[in-house]
Amino acid sequence: MRSSLVCPIGVACGAALVLPLSVPPGAAAAPRASFASASASADAAQLTHASSPAHRVRQGHSAVPGSTESLPLPERASDRSAGDGAERGLARRAVHPFSLVGVVWDDADEELRGSVRVRTRALGSHDWSDWQELSAHGHEHGADRGTTERDAGTVRGFTDPLWVGESDGVEIRVRAVDEPVGTATEAPARALLPRGLRLELVDPGGDPVTDGPAQAGAGTAAGAQTVASAGSSSSGSASGSSAVTSGLTTEAPGAPGTGAGTGTGAGAVQQAAMSVEEAASSAVNAEFADLGATEITELSKEETEENLAEYGEETEAAGAPAAPGATTRKPYIGPRPRIVTRRGWGADERLRERQFRYTKTVKAAFVHHSGTGNNYTCRQAPSVLRGIYRYHVKSSGWRDIGYNFAIDKCGNIYEGRAGGVAKPVMGAHTLGFNSSSTGIAVLGSYNATRPPAAATTALARLTAWKLGLHGINPRGKVRLTSKGSNKYTYGRKVRLHAISGHRDGYVTECPGRRLYAKLGTTRTSSARYQGRR
């Protein structure tokens, strides 16, 4: 079944409207291979048997940039005699190069009650890292229960991924917690670990490069229309690589109100050809940038208000109600920040499902930390994002990366889940509250580490613009309806801050104690960017 959606992005959007926006029953499972399957799909996996008893799944080894090596975690030798499966892992071993690591298991509703510790060997060296802990609370994220994405049968339980940098060796230990049961005289029972535990070693691939002229017609309304129209009918796996990451800020940007963007035009460096999936992902941003753009440039507040007025006019002409901010005589909206597009950070559009899914509006922004650690440079941030994307889709079984936006430690803002930066794209970030919200992840771990000022400034700028598109005051509170979480039962109506932390909707440490403490000043700054006193 195909559904229509009014996309006020000018002429180019007209063709994008025919893209399938809802997932037909059973269709969601098609792009992803099950662990139990040894077959390889066109855009998915090749199964290679290693000399060791554990086979290695090389997903996308030659078909797509990057790869995932998936290793089953057997019982450790000390537990085999007991047969209780309380500890699993792998001794030190050489593996294919990777940069991000995580653990997944079969049942998405089952929690891993225990510890997951890993250490890695730097690529081409004999240097092993210290033991590092993986957060075993991935169930806090993900699509809401009852949605097509959640119920597709492909979703798995998972830990937060950890960025370790280029590595070619790994050792891992997963141990269940001891949970006493019965009388005090009885020995404690050791909880079994989830079934199907696997170690996921993700190679995000190298930064893609551009060579050659732009595709004929790309960057024009007609070009967008032609390629997006093709995207509605093509069902095959397309070839071609993503665009180069360019113009990243590698130092903290200036104070609020100063420009952070370094690109020119609309990030118009393009490749000679674009796949159908790449064109569709880019076309939904056509009101802001040329087809194939690697970034959406920042605007002043005055330019943003003019752009918002045009947005409203185009929406009205298309027969749809304008966004609340677009009909306000003096809109409260922050200046549009510079945003690196999916093409800019090198998203392989063949990994995700082709359909875009939307919620009705955006009332709130939920702030997260990615939990991937702080051992990355800003030049590596696109690689971190590609690793998270691949881990969410190929390892965890999601339809796309879960976050709507990401921000690195230098304040660069990245487009997340595909569907359009100005649109209410349904994410998979805050279990129970993905409807009527947007999810923003600050790359890193901020429980003990203070978030950089550049990142919190970017957070304020992004929320001022994104919430302003929907007429939301960042200092205010909004009413949301829970789809079910461990904090609020299904159907319960709750009042939350328009800029909330993940922990406000779910019992979790996310976005980390130190980042959460910054949300009060972020709300104030965001409101000021909108022109509120």
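Trainee: Please explain the confidence of the model for the protein as it appears in this structure.
Mentor: It should be kept in mind that the predicted coordinates are not to be read in detail where pLDDT is low. In this model, the protein carries a mean pLDDT of 77, and residues with pLDDT of at least 70 account for 67%. Residue range residues 1-64 is modelled with pLDDT below 50. Its contacts to residues more than four positions away, or to other chains, number 153 contacts. The low-confidence segment residues 211-246, where pLDDT is below 50, has 91 contacts with residues more than four positions distant or belonging to other chains.

Trainee: Even after reading the chapter, I still don't get the sheet that holds strand S12 (residues 295-296), so can you show me in this structure?
Mentor: Working definition: the strands of a sheet are paired by backbone hydrogen bonds and lie parallel or antiparallel to each other. Reading across the sheet, the seven strands line up as S12-S13-S16-S15-S17-S14-S20 and stay open at both edges, with mixed pairing between neighbours. Since the sheet does not close on itself, it has two edges, and those belong to S12 and strand S20 (499-501), each with one partner. With two bridges connecting them, strand S13 (residues 339-340) and strand S16 (residues 413-415) associate as parallel partners. By the bridge assignment for S16, Ile-339 is matched with Ile-413.

Trainee: Where do I start with unusual backbone geometry in this structure?
Mentor: The phi angle of most residues is negative, glycine excepted, and most peptide bonds adopt the trans form. Look at the link from Cys-510 to Pro-511: it is a cis peptide, with omega at 10°. With respect to the helices and strands, Pro-511 occurs in the loop between S20 and helix H9 (513-516).

Trainee: Looking at this structure, I do not really get the side chain of Thr-456. What am I missing?
Mentor: Considering the arrangement of structural elements, one finds Thr-456 in helix H8 (residues 453-468). For Thr-456, a relative accessible area of 15% gives the class buried.

Trainee: Help me understand the pattern of salt bridges in this model?
Mentor: When the charged atoms of two side chains with opposite charge come close together, those side chains can pair. For the coordinates displayed, the defined rule picks out 19 salt bridges. Notably, a salt bridge pairs Arg-92 with Glu-171, separated by 3.4 Å at the nearest N-O pair. Here Arg-92 is found in strand S4 (residues 87-105), whereas its partner Glu-171 is found in strand S8 (residues 162-176), with 79 residues between them in sequence. A relative accessible area of 46% means that Arg-92 is categorised as partly exposed. Residue Glu-171 is classed as buried on the basis of its relative accessible area of 7%. As a salt-bridge pair, Arg-399 and Glu-353 come within 3.4 Å of each other at their nearest N and O atoms. Here Arg-399, found in the loop between helix H7 (381-395) and strand S15 (405-407), pairs with Glu-353, found in the loop between helix H6 (342-345) and strand S14 (364-369); they are 46 residues apart in sequence, far enough to count as distant. Comparing Arg-399 with Glu-353, the two get one shared label, buried. Each member of the salt-bridge network shares a partner with another, and the members are Arg-92, Arg-119, Glu-171 and Arg-173.

Trainee: Honestly, the packing of H8 against helix H10 (residues 519-529) in this entry has me stumped. Any pointers?
Mentor: Two numbers describe a pair of packed helices, the interaxial angle and the distance between the axes. Between H8 and H10, the least distance of the axes is 8 Å, while the angle of their chain directions is 50°. By the criterion of interaxial angle, the relationship of H8 to H10 is oblique. Here H8 and H10 pass one another in a crossing that is right-handed. For the pair formed by H8 and H10, the contact residues are Thr-456, Thr-457, Leu-459, Ala-460, Arg-461, Thr-463 and Ala-464 on the first element and Leu-519, Thr-522, Ser-525, Ser-526 and Tyr-529 on the second. Partitioned by chemical class, the residues of the contact of H8 with H10 number five nonpolar, six polar and one charged.

Trainee: Please explain the nonpolar core as it appears in this structure.
Mentor: Note that soluble globular proteins tend to have their nonpolar side chains buried in a common cluster. Counting residues in hydrophobic clusters, the biggest one holds 66 residues, and the most contacted among them are Ile-407, Leu-443 and Trp-465. The leading source of residues in this core is H7, at seven residues. Those residues in contact with Ile-407 that sit more than four places away from it in its chain are Asn-412, Ile-413, Ile-440, Ala-441, Val-442, Leu-443, Ala-455, Ala-458, Leu-459 and Leu-462. Residues Val-118, Leu-134, Ala-136 and Leu-197 belong to the second largest nonpolar core, which totals 23 residues.

Trainee: Is there a simple way to think about empty space enclosed by the protein in this case?
Mentor: Picture a little ball the size of a water molecule; that probe, rolled over the atoms, points out where space is still empty. Counted under the stated rule, the structure contains 10 cavities of 30 Å³ or more. One number sums up the size of the largest cavity: a volume of about 110 Å³. Looking at the lining of the largest cavity, the elements with two or more residues in it are helix H4 (276-283) and H6. Here the residues of the lining of the largest cavity are counted per class, giving four nonpolar, four polar and six charged.

Parameters at a glance
Residues numbered from 1 in each chain as written. Predicted model: local features only at pLDDT ≥ 70, side-chain atom pairs only at ≥ 80, totals over all residues. Heavy atoms only, no water. pLDDT = per-residue confidence, 0-100. Contact = heavy atoms within 4.5 Å. Pairing = 2+ DSSP bridges. Helix = DSSP H or I, 4+ residues; strand = E, 2+ residues; numbered from the N terminus. Buried < 20%, exposed > 50% of the residue type's maximum accessible area, 1.4 Å probe, protein only. Salt bridge = Lys/Arg side-chain N within 4 Å of Asp/Glu carboxyl O. Axes fitted to C-alpha atoms, helices over the stretch in contact; angles between N-to-C directions. Parallel < 35°, antiparallel > 145°, perpendicular 65-115°, else oblique. Left-handed = near helix turned anticlockwise from the far one by under 90°. Nonpolar A, V, L, I, M, F, W, Y, C, P; charged D, E, K, R; others polar. Core = buried A, V, L, I, M, F, W, Y, C linked by side-chain atoms within 4.5 Å. 1 Å grid on protein atoms, 1.4 Å probe; cavity = no way out; pocket = protein on both sides within 12 Å on 5 of 7 lines; lining within 4 Å. Points joined across faces, edges and corners; volume = space filled by probe spheres on them.

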